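# Coordinate inspection notes
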Amino acid sequence: MTNTTEQIALIGAGPSGLAGARCLQKHGIPFQGFEAHTDVGGLWNIHNPRSTVYASAHLISSKRMTEFSEFPMPEHVADYPSHRELLDYFSAFAEHFQLREHYRFGTRVLKVEPVSEAPGTLWRVTTEDPNGQQTTADYKGVVVANGTLAEPNMPVFEGRFAGELLHTSAYKHADLFRFKRVLIVGAGNSGCDIAVDAVHQARSVDISVRRGYYFVPKYVFGKPADSVGGKITLPPWLKQKIDSTILKWFTGDPVRFGFPKPTYRMYESHPVVNSLILYHIGHGDVGVRADIARLDGHTVHFKDGSRGEYDLILAATGYKLHYPFLDPALLNWQGMAPRLYLNIFAPRFDRLAVLGMVEASGLGWQGRYEQAELVARYFKGLDAGKASAAALQAVKSGQAGSWPDLSGGYKYLQLERMAYYVNKDAYRNAVRQAAAAQG
């Protein structure tokens with residue numbers, strides 16, 4: 001048995017946690033994994049009480065643009081896999097690399113705190129096992145990979161609603177909508193997917209929006225949309241102009257369906273990848289409504305002066321970053337998200353890292369794997385006293401150099417869900433270069 005003070009505590013066994021486990025294992029770094037659920041998969045394990053996927057959930061990126069490079073998905077898996085196929089994939093990944101043996105399943109992390117204020121401090125981790133027994137031990141470092149899509153961001157509406165008011169995190173099956181007048185708040189990817197589910201069961205379906213969106217079909221020229229193009233790097237302004245023009249050829253102008261005209265340019269917010277929502281709006285199955293002004297019984301008053309009667313309001317309003325076991329100051333929390341070097345490393349501490357706190361169109365799980373590769377190489381370099389590790393320490397702590405621009409030249413919307421958004425190419429280049437420098 002390895003002494004815990006020689007181990008890294010790894011929190012989570014979803015995609016990012018498994019990437020972390022694989023890279024730590026590959027580089028021979030002792031670690032102990034903790035997972036609150038009874039098996040791997042995280043978000044994509046619908047049996048996990050913290051999972052927010054629903055019966056019809058599929059990837060919005062294609063399998064080849066999302067998979068781990070060293071463990072491709074089988075050919076028989078769909079272009080856009082379901083949560084069932086993805087759970088099988090993560091289970092097979094864990095089995096292939098024998099990762100489960102590194103985890104304590106059914107074990108929740110209650111608290112993580114530094115033993116001292118020194119950059120190289122040990123970390124005191126308190127956990128609770130399935131029997132309610134609490135254990136505290138000191139670890140060499142901590143890698144946090146508990147996901148970003150589990151803690152609902154529930155809006156507060158003016159007035160009182162007499163029907164059901166739920167967040168999409170509570171949605172599992174379209175039976176919820178049977179014979180009901182449904183209002184979905186928010187037209188992000190989940191909101192649009194669920195609206196399509198609802199049309200087959202509900203008495204009526206409306207979707208309330210406060211801003212315009214860019215809608216990307218899942219297939220272009222018969223191929224997954226995210227696999228088309230990308231070979232030529234264009235300046236942001238030119239790519240935005242060309243791609244938004246091409247998009248209109250395939251989807252038309254969403255404004256004619258009742259959506260507001262976007263007040264931002266393409267790629268400045270996450271696009272909606274859905275081939276069916278505009279189809280159903282065009283067939284009258286889904287109505288587009290303005291932002292909500294107030295609630296009054298079963299009546300919803302909208303900001304454009306209109307109103308509607310509903311039995312169920314489902315808030316597709318996203319999720320909050322949630323690290324309840326860590327003092328926010330330890331993660332350098334600023335505004336809507338922690339400010340971490342490369343969205344990974346806490347500036348003050350040598351061995352406190354976060355995996356998966358990154359969002360980018362097309363980043364895939366391989367992008368998270370590259371994060372984990374960098375963390376493992378850096379930790380290994382620290383242990384060996386390498387100059388490259390000391391150099392990364394100095395940059396991330398602000399003592400030398402500057403942090404790279406990860407925006408790729410795009411001006412992202414200042415929304416909570418965009419607070420840790422990056423440009424895929426700029427980000428992967430920066431992470432790969434940092435990993436290469438670690439040797």
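Residues numbered from 1 in each chain as written. Predicted model: local features only at pLDDT ≥ 70, side-chain atom pairs only at ≥ 80, totals over all residues. Heavy atoms only, no water.

## Thoughts on the pattern of salt bridges
- Applying the stated criterion to the full structure yields 23 salt bridges.
- Here E117 ties to R348 by a salt bridge, and the two come within 2.4 Å at their closest N and O atoms. Placement of the pair is E117 in the loop between β4 (108–114) and β5 (123–128) and R348 in the loop between β24 (337–338) and β25 (352–354), with a sequence separation of 231 residues.
- Connected through salt bridges with shared partners, the residues E6, K140, R351 and D383 form a single ionic network. (Salt bridge = Lys/Arg side-chain N within 4 Å of Asp/Glu carboxyl O. Helix = DSSP H or I, 4+ residues; strand = E, 2+ residues; numbered from the N terminus.)

## Some remarks on the sheet that holds strand β12 (residues 204–208)
- The 5 strands are arranged β10-β21-β11-β12-β17 in an open sheet whose pairing can be described as parallel. Lying at the two open borders of the sheet, with one neighbouring strand each, are β10 (164–167) and β17 (287–289). Going from strand to strand, the sheet's axes swing by 25 degrees on average, the running direction of each strand aside.
- Pairing geometry for strand β11 (residues 181–185) and strand β21 (residues 312–315), over 4 bridges, is parallel. Looking at β21, one finds that I184 is bridged to L314. (Pairing = 2+ DSSP bridges. Axes fitted to C-alpha atoms, helices over the stretch in contact; angles between N-to-C directions.)

## Describing helix α7 (residues 387–396)
- Taken together, the buried positions of α7 are occupied by S388, A389, L392, A394, V395 and K396.
- The secondary structure elements touched by the buried residues of α7 are α6 (364–384) and α8 (424–438). (Buried < 20%, exposed > 50% of the residue type's maximum accessible area, 1.4 Å probe, protein only. Contact = heavy atoms within 4.5 Å.)

## Section: the nonpolar core
- In terms of nonpolar packing, the biggest core is built from 87 residues, with F177, F259, I277, F345, W365, L374 and F379 touching the most fellow members.
- A total of 9 residues in this core trace back to one element, the largest contributor, which is α6.
- Beyond its immediate stretch of four places on either side in the chain, F259 contacts A187, V209, Y213, F215, P254, L278, I281 and V288.
- Of all hydrophobic cores here, the second largest spans 25 residues; its members include I11, V109, V125 and L321. (Core = buried A, V, L, I, M, F, W, Y, C linked by side-chain atoms within 4.5 Å.)

## Side note on the layout of surface pockets
- Each pocket or cavity is described by its volume, and for the second largest pocket that value is around 550 Å³.
- For the lining of the second largest pocket, a count of residues per class yields 19 nonpolar, 4 polar and 1 charged. (1 Å grid on protein atoms, 1.4 Å probe; cavity = no way out; pocket = protein on both sides within 12 Å on 5 of 7 lines; lining within 4 Å. Points joined across faces, edges and corners; volume = space filled by probe spheres on them. Nonpolar A, V, L, I, M, F, W, Y, C, P; charged D, E, K, R; others polar.)

## Some thoughts on the packing of helix α1 (residues 15–26) against helix α2 (residues 83–96)
- As a packed pair, α1 and α2 sit with axes 11 Å apart at the nearest point and diverge in direction by 15 degrees. The angle between α1 and α2 falls in the class roughly parallel. For the crossing formed where α1 meets α2, the hand is left-handed. Between α1 and α2, the residues in contact are P15, L18 and R22 and F90, F93 and A94, respectively.
- Grouping the constituent residues of the contact of α1 with α2 by class yields 5 nonpolar, no polar and 1 charged. (Parallel < 35°, antiparallel > 145°, perpendicular 65-115°, else oblique. Left-handed = near helix turned anticlockwise from the far one by under 90°.)

## Examining empty space enclosed by the protein
- Counted according to the given criterion, the structure contains 1 cavity of 30 Å³ or more.
- Considering only enclosed or pocket space, the largest cavity measures out at about 40 Å³ in volume.
- G20, C23, L24, V143, L355, A372, V375 and A376 are the residues that line the largest cavity.
- At the level of secondary structure, the elements contributing two or more residues to the lining of the largest cavity comprise α1 and α6.
- When its residues are assigned to classes, the lining of the largest cavity shows 7 nonpolar, 1 polar and no charged.

## Here we look at the pairing of strand β1 (residues 8–11)
- The alternating pattern of β1 places I8 and L10 and A9 and I11 on opposite faces, both of which are buried.
- Across 4 bridges, the pairing between β1 and strand β7 (residues 141–144) is parallel. Bridged to L10 within β7 is V143.
- Here 4 bridges tie β1 to strand β2 (residues 31–35), and the two strands are oriented parallel to one another. By the bridge assignment, L10 is partnered in β2 with G33.
- In the classification by handedness, the crossover that spans β1, the intervening α1 and the parallel β2 is right-handed. (Right-handed = clockwise from strand over helix to strand, strands pointing away.)

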